[in-house]
Amino acid sequence: ATVNLRALTSWVGIARLCAVVLSCLTFSLVASTGRFGGPFGTWCMFTWCFCFAVMLLVLLLELLELYPLLPLSWDDFTSAFSMLAALMVFTSSVIFPATFISSPCSSSHCARQAVATTASFLCFLAYAVEVGLTRAKPGDISSFLSTVPGLLKVFEAYVACLIFSLLDEYNTQPGLMWCVAVYSICFIVTLLIIICTIGRCLAYIPCQLDKVLVGYNFLALLMYITTTVLWPLYSFRGRSRPNSCGSNCWWNKHLGVTFLTIFNLIAYLVDLVYSSRMVFI
């Protein structure tokens with residue numbers, strides 16, 4: 001192994017170092033309070049620890065120049081991970097203070113939670129800066145997952161995971177069951193595209209893959225248009241919001257799925273536009 005100091009001194013390396021330090025600071029402060037129980041706290045702690053561990057491994061592999069030995073597309077992997085980490089850390093930066101920080105904030109535990117939240121937001125900015133620095137320039141398609149359509153694939157898969165976490169009471173209505181089928185199909189296909197890209201398997205597919213991806217984006221867009229109409233129609237038709245509706249209330253979950261569906265609809269639309277420009281223009 002040889003030592004490549006540019007892995008730490010370049011702008012991308014500095015952004016990664018900041019992400020490692022800030023994520024370590026975040027989960028250390030939260031762990032010191034001992035108040036991160038429940039599904040939301042577990043998710044936030046997993047996010048910070050997972051992103052810290054993987055990014056530290058990335059830095060070590062690039063510092064020692066060992067990544068060429070791995071049987072994967074390194075640029076695609078790092079681009080996909082930085083995008084995923086930015087999304088995960090941003091979600092945790094919103095969920096954690098909303099769940100665990102109460103007003104007024106006067107105790108030492110609350111102060112550490114507030115500092116951890118600030119560090120988490122800064123960590124999100126570090127990952128976002130890395131995404132911006134490593135994003136492919138117009139016309140450069142050497143690394144698919146660093147292009148706008150590739151980054152949108154990661155976004156679409158992550159939003160689908162958030163939708164799955166909110167699904168509740170959908171097996172009694174055929175319209176809702178169709179929506180869940182659309183979420184599942186699009187998520188599986190998108191995840192396969194990401195995995196095959198990182199694993200360098202797309203070259204073995206005997207077809208014009210770029211045009212196939214455009215066709216898939218168009219089909220996924222049509223399917224998401226139906227879910228954007230059917231999900232709120234079947235979820236809220238004749239059903240008003242309950243008077244006592246907490247965080248686990250079905251109404252709040254279905255409303256969250258509605259907004260996330262719209263986000264993914266917009267993502268697939270932008271994905272289709274950019275993919276079509278890359279292929280046909």
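None of the values given here were measured: they were computed from a predicted structure. (Residues numbered from 1 in each chain as written. Predicted model: local features only at pLDDT ≥ 70, side-chain atom pairs only at ≥ 80, totals over all residues. Heavy atoms only, no water.)

Caption draft 1: Structural detail: the overall build of the protein. Scanning the protein from terminus to terminus reveals nine helices and zero strands. Helices and strands in the protein line up, N terminus first, as α-α-α-α-α-α-α-α-α. The C-alpha radius of gyration computed for the protein amounts to 21 Å, which stays within 12% of the reference 19 Å derived for 281 residues, consistent with globular compactness. Dimensions along the principal axes, computed over C-alpha positions, put the protein at roughly 65 × 60 × 25 Å. For the protein, buried positions account for 44% of its 281 residues. Taking contacts inside the protein between residues at least 6 apart in sequence as the whole, the part at least 24 apart equals 77%. Surface accessibility of the protein: about 14300 Å² in total, with carbon and sulfur atoms responsible for 71%. Of the side-chain charges in the protein, 14 are positive and 11 negative, and the distance between the mean point of each set is 9 Å. (Helix = DSSP H or I, 4+ residues; strand = E, 2+ residues; numbered from the N terminus. Rg over C-alpha atoms; globule rule 2.2 N^0.38 Å. Buried < 20%, exposed > 50% of the residue type's maximum accessible area, 1.4 Å probe, protein only. Contact = heavy atoms within 4.5 Å. Areas by Shrake-Rupley, 256 points an atom, 1.4 Å probe, with all protein chains shown as cover. Lys, Arg positive; Asp, Glu negative; His and termini not counted. Charge placed at Lys NZ, Arg CZ, Asp CG, Glu CD.)

Caption draft 2: Expanded view of the domain arrangement of the protein. As assigned here, the protein comprises domain 1 (1-142) and domain 2 (147-280). The distance between the C-alpha centroids of domain 1 and domain 2 comes to 25 Å. Listed by partner, the interface residues are 17 residues for domain 1 and ten residues for domain 2. Roughly 1300 Å² is buried in total at the junction of domain 1 and domain 2, and carbon and sulfur atoms are behind 78% of that figure. For domain 1, the biggest contributors to the area lost against domain 2 are Met83, Leu87 and Arg135; these three give 29% of the whole. At the surface where domain 1 touches domain 2, the tally comes to zero salt bridges. One can count three residue pairs in polar contact (both at pLDDT 80 or more) joining domain 1 with domain 2. (Domains from an automatic or database assignment. Buried area = accessible area lost by both parts, 1.4 Å probe. Salt bridge = Lys/Arg side-chain N within 4 Å of Asp/Glu carboxyl O. Polar contact = N/O pair within 3.5 Å; in protein donor to acceptor, adjacent residues only side chain to side chain.)

Caption draft 3: Structural context of unusual backbone geometry. Non-glycine residue Glu65 carries a positive phi angle of around 55°. Checked against the element boundaries, Glu65 lands in the loop between helix 3 (38-63) and helix 4 (74-100). Despite not being glycine, Arg200 has its phi angle at roughly 60°, a positive value. Among the structural elements, Arg200 can be located in the loop between helix 7 (174-198) and helix 8 (209-236).

Caption draft 4: Region of interest: the pattern of salt bridges. Enumeration according to the criterion identifies three salt bridges in this entry. Close ionic contact of Asp271 with Lys153 constitutes a salt bridge, the shortest N to O distance being 2.6 Å. Within this pair, whereas Asp271 is found in helix 9 (residues 250-280), its partner Lys153 is found in helix 6 (residues 148-166), the two being separated by 118 residues in sequence. Lys153 matches Asp271 in its accessibility class, with the two residues each being buried. Bridged by salt links that share partners, the residues Arg16, Glu62 and Glu130 form one connected network.

Caption draft 5: Structural view of the nonpolar core. Grouped together as the largest cluster of nonpolar side chains are 59 residues, with contacts concentrated most on Tyr127, Ile163, Cys186, Tyr224 and Trp231. If you list the elements that add at least two residues to this core, you get helix 2 (11-33), helix 3, helix 4, helix 5 (108-134), helix 6, helix 7, helix 8 and helix 9. Tallying contributions element by element places helix 7 first for this core, with ten residues. For Trp231, the residues in contact, after removing those within four places along its chain, are Leu167, Tyr170, Leu176, Cys179, Val180, Tyr183, His254, Val257 and Thr258. Phe27, Trp48, Phe100 and Ala116 belong to the second-largest nonpolar core, a separate cluster that totals nine residues. (Core = buried A, V, L, I, M, F, W, Y, C linked by side-chain atoms within 4.5 Å.)

Caption draft 6: Molecular detail of the packing of helix 3 against helix 4. It is at 9 Å that the axes of helix 3 and helix 4 come closest, and there the two elements cross at 150°. In terms of axis orientation, helix 3 runs roughly antiparallel to helix 4. In the crossing of helix 3 with helix 4, the sense of the turn from one axis to the other is left-handed. (Axes fitted to C-alpha atoms, helices over the stretch in contact; angles between N-to-C directions. Parallel < 35°, antiparallel > 145°, perpendicular 65-115°, else oblique. Left-handed = near helix turned anticlockwise from the far one by under 90°.)

Caption draft 7: Focus on helix 7. If you check helix 7, its first and last C-alpha atoms are 36 Å apart, about what 25 residues at 1.5 Å a residue would give, namely 36 Å. At the exit of helix 7 stands Arg200, carrying a positive phi of roughly 60°. (Expected span 1.5 Å × (residues − 1).)

Caption draft 8: Quick peek at the packing of aromatic side chains. Throughout the structure, instances matching the rule amount to 17 aromatic pairs. Look at Trp48 and Phe96: their rings are 5.6 Å apart centre to centre, the planes differ by 75°, and that puts the pair in the edge-to-face class. With Trp48 in helix 3 and Phe96 in helix 4, this pair connects stretches of sequence that are 48 residues apart. Its relative accessible area of 1% is what places Phe96 among the buried residues. Through a chain of ring-to-ring contacts, three or more aromatic side chains come together here, namely Trp43, Phe46, Phe50, Tyr67, Trp74, Phe77, Phe81 and Tyr127. We note Arg237 situated over the ring of Tyr234; from NZ or CZ to the ring centre the distance is 5.1 Å. (Phe/Tyr/Trp six-rings, centres within 6.5 Å; stacked < 30°, edge-to-face > 60°. Lys NZ or Arg CZ within 6 Å of the ring centre and 35° of its normal.)

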